[in-house]
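Residue strings, one per chain:
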Amino acid sequence: MKKEIFRMINVITNSPDAANLDDMNLYIHLGEIIGLIPINGIGIEVFLNMFTDTLPIKFGKIYINNKPLNNRQPSKQQLNKIYILNQQRKLVESLSVLENIYVLNSLPFRGIIHKEPLLRQYAWLMEDLDFHVSPDARCERLSEYERCAVEILKAITQGAKLIILYGMSDIMGAGDLARFKDFLTAVSRKNYSFLYICDRCEESVSFCDRIIYMKDGKDIQSFDRHELSSPRHLKFSYSLQSADPLVKPDHMVPSLRIRHLPTEVCEEFCFDINQGECLVLYDETKDLHREFMDTIRNNHGNLKNLFCILEAHSPSFRGLENSVGTQIAVIGENPLSTMLFYNMSYIDNLCIRMESKLKRIRIPKAVKESIRAEYHAVIGDDIYADSLLGLSADSLYNLIYYRVALINPKAVFIIQPFYNTDIYTKKHIRGLIRMLQEKKISVIILSADLQDSSAIANRCLILENGRIRPES
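As the structure is a computational prediction, the values presented were derived from the model and not from experiment.

Engineer: Explain the overall build of the protein here, please?
Structural biologist: Across its full length, the protein carries 17 helices and 20 strands. Taking as baseline every contact in the protein between residues at least 6 positions apart, the subset at least 24 positions apart corresponds to 70%.

Engineer: Before we go on, may I ask you to explain the environment of Glu-4 in this structure?
Structural biologist: For Glu-4, the position within the fold is in strand 1 (residues 4-13). The spatial distance from the C-alpha of Glu-4 to the C-alpha of Tyr-27 is 7.4 Å, given a sequence separation of 23 residues. Beyond its immediate chain neighbours, meaning those up to four positions away, Glu-4 contacts Tyr-27, Ile-28, His-29, Asn-65 and Asn-66. Here Arg-7 takes part through its side chain, which lies 2.7 Å from a polar atom of the side chain of Glu-4.

Engineer: Can you help me understand the pattern of salt bridges in this one?
Structural biologist: Note that side chains of opposite charge can pair when their charged atoms are close. A full pass over the atoms with the stated rule returns 13 salt bridges. Its salt-bridge partner being Glu-93, residue Arg-147 comes within 2.6 Å of it at the nearest N-O pair. Taken together, the residues span a long stretch of sequence, with Arg-147 in helix 5 (residues 144-157) and Glu-93 in the loop between strand 6 (82-85) and helix 3 (97-103) at a distance of 54 residues. A residue is classified by how much of its surface remains accessible, and Glu-93, at 27% relative accessible area, is partly exposed. Two residues, Glu-99 and Arg-138, come together in a salt bridge whose shortest N-O distance is 3.8 Å. Pair noted here: Glu-99 is in helix 3 and Arg-138 is in the loop between helix 4 (115-125) and helix 5, with a separation of 39 residues, a long-range link. Taking relative accessible area as the criterion, Arg-138 reaches 35% and is therefore assigned partly exposed. Several salt bridges converge on common partners, so that one network encompasses Glu-32, Arg-210 and Asp-224.

Engineer: It is not clear to me how the packing of helix 15 (residues 393-407) against helix 16 (residues 423-438) should be interpreted in this structure. Could you clarify?
Structural biologist: Two quantities define a packed helix pair, namely the angle between the helix axes and the distance between the axes. At a closest axis distance of 10 Å, the pairing of helix 15 and helix 16 adopts a crossing angle of 15 degrees. With respect to each other, helix 15 and helix 16 are oriented roughly parallel. In this structure, helix 15 meets helix 16 at a crossing whose hand is right-handed. Residues Asp-394, Tyr-397, Asn-398, Tyr-401, Tyr-402, Val-404 and Ala-405 of helix 15 pack against Thr-425, His-428, Ile-429, Leu-432, Ile-433, Met-435 and Leu-436 of helix 16. Of the residues belonging to the contact of helix 15 with helix 16, the class tally is 10 nonpolar, three polar and one charged.

Engineer: Help me understand the sheet that holds strand 10 (residues 218-224) in this model?
Structural biologist: The pairing of strands in a sheet comes from backbone hydrogen bonds and takes either a parallel or an antiparallel form. Spatially, six strands are ordered 6-7-8-3-9-10 in an open sheet, and the strand pairing comes out mixed. For this open sheet the edge positions go to strand 6 and strand 10, each flanked by a neighbour on one side alone. For this sheet, the mean inter-axis angle between neighbouring strands, taken without regard to orientation, is 20 degrees. Relative to strand 8 (residues 193-197), strand 7 (residues 162-166) runs parallel, the two sharing five bridges. Residue Leu-162 lies in a different strand from strand 8, and its bridge partner there is Ser-193. Contacts between helix 5 and the sheet are confined to strand 6, strand 7 and strand 8, with strand 6 contributing the most and set at about 165 degrees to the helix.

Engineer: For this particular structure, what's the right way to read the environment of Leu-340?
Structural biologist: Checked against the element boundaries, Leu-340 lands in the loop between helix 11 (335-338) and helix 12 (346-350). A C-alpha to C-alpha distance of 9.7 Å links Leu-340 and Ile-352, two positions 12 residues apart in sequence. Setting aside residues up to four positions removed in sequence, Leu-340 forms contacts with Pro-335, Asn-349, Leu-388, Leu-396, Leu-399, Ile-400 and Arg-403.

Engineer: I'm lost on the pairing of strand 16 (residues 328-331) in this one. Help?
Structural biologist: Regular strands place side chains that alternate from one sheet face to the opposite one. Burial along strand 16 is two-sided: Ile-328 and Val-330 facing one way and Ala-329 and Ile-331 facing the other are all buried. Both strand 16 and strand 17 (residues 411-415) contribute to a ladder of four bridges, which runs parallel. Residue pairing in the sheet places Ile-328 in a bridge with Ala-411 of strand 17.

Engineer: Looking at this model, I keep getting lost on the sheet that holds strand 5 (residues 67-68). Mind explaining?
Structural biologist: Taken in spatial order, the four strands make up an open sheet running 2-1-4-5, and their pairing is antiparallel. In this open sheet, the two strands that pair with only one neighbour each are strand 2 (22-29) and strand 5. Bridge count for strand 1 against strand 2 is six bridges, and the pairing is antiparallel. Counterpart to Met-8 in the pairing with strand 2 is Leu-26.

Engineer: Please explain the packing of helix 14 (residues 365-379) against helix 15 as it appears in this structure.
Structural biologist: Two numbers describe how helix 14 lies on helix 15: the axes approach to 12 Å, and their chain directions differ by 135 degrees. Put simply, helix 14 runs oblique to helix 15. Crossing geometry of helix 14 relative to helix 15 is assigned as right-handed. Each of Ile-371, Tyr-375, Val-378 and Ile-379 in helix 14 lies in contact with helix 15, whose residues at this interface are Tyr-402, Ala-405 and Leu-406. Looking at the contact of helix 14 with helix 15, its residues break down into seven nonpolar, no polar and no charged.

Criteria and thresholds
For every chain, the first residue of its written sequence is number 1, and the numbers climb from 1 along that sequence. Local features are withheld for residues below a pLDDT of 70 in this predicted model, meaning they are given only at 70 or higher, and side-chain atom pairs are given and counted only at 80 or more; totals for whole chains, interfaces and linings count all residues. Computation of side-chain values covers all heavy atoms of the structure but excludes hydrogens and water. Only DSSP runs of H or I covering at least 4 residues are called helices, and only runs of E covering at least 2 are called strands; the numbering of each starts at the N terminus. Contact between two residues is taken to exist if any of their heavy atoms lie within 4.5 Å; hydrogens are not considered. Think of a polar contact as two N or O atoms within 3.5 Å of one another; within protein, one of them needs to be a possible hydrogen donor and the other a possible acceptor, and neighboring residues in sequence only count if both atoms come from side chains. A pairing counts as a salt bridge when a side-chain nitrogen of Lys or Arg comes within 4 Å of a carboxyl oxygen of Asp or Glu. Exposure classes here rest on a 1.4 Å probe applied to the protein chains alone. A residue is buried below 20% of its type maximum, exposed above 50%, and partly exposed in between. Helix axes are fitted only over the stretch in contact, all axes being lines through C-alpha atoms; the angle between N-to-C directions runs from 0 to 180 degrees. Angular relationships are summarised with four words: roughly parallel below 35 degrees, roughly antiparallel beyond 145, roughly perpendicular across 65 to 115, and oblique for the angles in between. Helix crossings are classified by the rotation of the near helix relative to the far one: an anticlockwise turn of less than a right angle makes the crossing left-handed, while a clockwise turn makes it right-handed. The nonpolar class holds Ala, Val, Leu, Ile, Met, Phe, Trp, Tyr, Cys and Pro. Asp, Glu, Lys and Arg form the charged class, and all remaining residues, Gly among them, are polar. Should DSSP find at least two bridges between two strands, the strands are taken to pair.

In short, shape yes, function no, at least from these values alone.
Listed below in structure tokens is the structure:
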């Protein structure tokens, strides 16, 4: 009989700051890898905070190693058995792998720490893991996959038996993620358990022992490994996918030509995109994303060396010095944190960059009222909000994408549009991208996740070894 290390029974939380759990049930056995898919994201923040901020439970029970967790004052010793690995880095970059795993942890070392015993422990820890990283390697030089693997090894040495993984596909590209899954499978054979939280079943179905779907703060469906290929699971997972047709671009009207961007990642970076087309630039390493944003910032006054606006097959460089925000728009990664002013009104946020479009210092009140009346039909009453505080994520994404539509640029670059979003939010963002395409705006998506982006793309270019792979 398998040993149970974690169980959550009918848990209801009462957090005033986030959406709560509502009758959530979950159990995990020793050595299991469980996939948890929050369909609409409700309750997942509170679920994770329960193990870091020791949030009180309104109703229900939690057991760790068959011992009940005190709802009013959780035991620190019990919580140490659970480790959370997410986008937040917990390794010291300037120290070695060995120092991060054994020195900077909770083990009660006293006096001088000798390296030889630690090297023997490291060799024992690496047995059967197929993970080849020197213990003397500096963490700042590791890949994202190697960083996450080292952090798991650190958690094991601290005594963790259950490791919760959240947002791994946002950290790693497809290749690193595949190697990381193999690493998790090997570690689970040593009787360590994992709860793998992601937003789609394709990411977890290949290596998880069981998949649990969560919606509105409660578990709604559970499938064992042998059921993952059954018609019941296939029908359920298919119901969550978007079946909207692609928007067909106008191949007779070219919109934008990307010239030779001065990046270290890509030696030859040049392509055309048609009006209303959605083009995905797939870069597994995400290096192109960072360099592109740096290029935009550093060349704001000399953009004609980077882009060429195409008008009826004739290049035009007029006004390109100020083209970012008017003829070329950019939506950065995690825009809810970087592109909004939460203390400003909805309409003022929506009209940002309109000064450049209208070539005026201030936008007249009559213009704002006209915009408000025009967009009320698609945005709703949120357009009258005096601030963005308390608005839903869908409403905030509406604001960002309709701001671009209001400017009506030739093209928009979107960096990782599906970063850290749930299944329903992904569908909503895809609808907003289609809205831009229907307005004849060309969309260029820079992505490290081909699965999500391919559902909306008319064309995909893959970056390999510093060059764009020729289209087949």
